[in-house]
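Commentary on secondary and tertiary structure
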Amino acid sequence: MNKKKLIIFGAGGNADVICSTVKDINQESQQIEILGFFDDVEKKRDVLGKINKKNVEKFKRYKDVYFIWSLRSTNLGKKILNKYNDLDLSKKKLLTIKHPTAVISKFSKIGSGVTIHPFVNIGPGVDIKNNIHIFSHSLIGHNTILNNFSYIANNASIGAFVKVKEGGYIGMNASIKERVTIEKWSIVGMGSVVINNVIKNSTVVGNPAKALEK
């Protein structure tokens, strides 16, 4: 079987996690070869250049080359989204990776450029869009929707029928009550217990979670 060749946007900690998951996937069957990284800041290891359209164009013309976005959305917010859109990548060029230990319902939908890490549990009716990270031991309840660039940190527990809008960030060990909506580019702090909707561009923390002053 021919390996899929992967370039990761970002060379920081999230990229390390992606590399680890790829290594575990390859232990079962050799599927993916990591070519290197595009990063605007990091200069370590196999950084192929900065994240820009010119550099990406050199590689995306090859049928066996794919990309994954590793940068945390809340670090730069819509600046990341604008940079990503400028790259003009089709969904077919985004690789989705699933750790062998993840439990994923066959009745769920998984988009493009998604990374699913060890021991994640995804229930039936879940709709996961594009460019999303779900880190280890997280649980996604049935009929939940995760929109583009949302980010689920490790050990998060998300109830049923939850909506996480574009760029929503769920911190580690956070719990989200069923039927709650996390609006665009909002942050749920680690260990928070969310029982009400979270408004756009806000940060909530605590139990029960409350908004921080801007």
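The paragraphs below set out a description of the structure included in this document.

Conventions we followed
- Residues numbered from 1 in each chain as written.
- Predicted model: local features only at pLDDT ≥ 70, side-chain atom pairs only at ≥ 80, totals over all residues.
- Heavy atoms only, no water.
- Helix = DSSP H or I, 4+ residues; strand = E, 2+ residues; numbered from the N terminus.
- Buried < 20%, exposed > 50% of the residue type's maximum accessible area, 1.4 Å probe, protein only.
- Contact = heavy atoms within 4.5 Å.
- Areas by Shrake-Rupley, 256 points an atom, 1.4 Å probe, with all protein chains shown as cover.
- Lys, Arg positive; Asp, Glu negative; His and termini not counted.
- Charge placed at Lys NZ, Arg CZ, Asp CG, Glu CD.
- Pairing = 2+ DSSP bridges.
- Right-handed = clockwise from strand over helix to strand, strands pointing away.
- Salt bridge = Lys/Arg side-chain N within 4 Å of Asp/Glu carboxyl O.
- Core = buried A, V, L, I, M, F, W, Y, C linked by side-chain atoms within 4.5 Å.

**Regarding the overall build of the protein**
- The helix and strand tally for the protein stands at four helices and 23 strands.
- Dimensions of the protein along its principal axes, counting C-alpha atoms only, are 45 × 35 × 25 Å.
- Within the protein, the fraction of its 214 residues that count as buried is 47%.
- Considering only contacts within the protein whose residues lie at least 6 apart along the sequence, 31% involve residues at least 24 apart.
- Accessible surface for the protein amounts to roughly 10,800 Å². Of this, 49% is attributable to carbon and sulfur atoms.
- A gap of 4 Å separates the mean positions of the 33 positive and 17 negative side-chain charges of the protein.

**Comments concerning the pairing of strand β2 (residues 32–38)**
- The pairing of strand β1 (residues 4–9) with β2 spans six bridges and is parallel. Across the sheet, the residue bridging to L6 is I34, located in β2.
- With respect to chirality, the unit in which β1 leads through helix α1 (residues 13–28) into the neighbouring parallel β2 is right-handed.
- Where β2 lies against strand β3 (residues 47–49), two bridges are found, and the strand directions are parallel. Note on β3: the bridge partner recorded for F38 is G49.

**Topic: the pattern of salt bridges**
- Under the counting rule described, the total for this entry stands at five salt bridges.
- For the salt bridge of D127 with K129, the shortest nitrogen-to-oxygen distance reads 2.8 Å.
- Judged by relative accessible area, D127 falls into the buried class, the value being 18%.
- Between E183 and K165 there is a salt bridge, and its shortest N-O distance comes to 3.4 Å. Of this pair, E183 sits in the loop between β19 (181–182) and β20 (187–188) while K165 is found in the loop between β16 (163–164) and β17 (169–170), placing the two residues 18 residues apart along the sequence.

**What about the nonpolar core?**
- Residues I134, L146, I170, I176 and I182 are the most contacted members of the largest nonpolar core, which totals 25 residues.
- Aside from chain neighbours lying at most four places away, what touches I170 is Y151, I152, A153, A156, I158, V164, I176, I182 and V188.
- Ranked by size, the runner-up nonpolar core spans 16 residues in total, among them I7, I80, Y84 and L87.

**What about unusual backbone geometry?**
- Cis geometry is adopted by the peptide bond preceding P208, which originates at N207 and carries an omega value of -5°.
- Relative to the elements of secondary structure, P208 occurs in the loop between β22 (203–205) and β23 (210–211).
- The backbone of N155 sits at a positive phi, close to 65°, despite the residue not being glycine.
- Turning to its location among the elements, N155 is positioned in the loop between β14 (151–152) and β15 (157–158).
- A relative accessible area of 34% places N155 in the partly exposed class.

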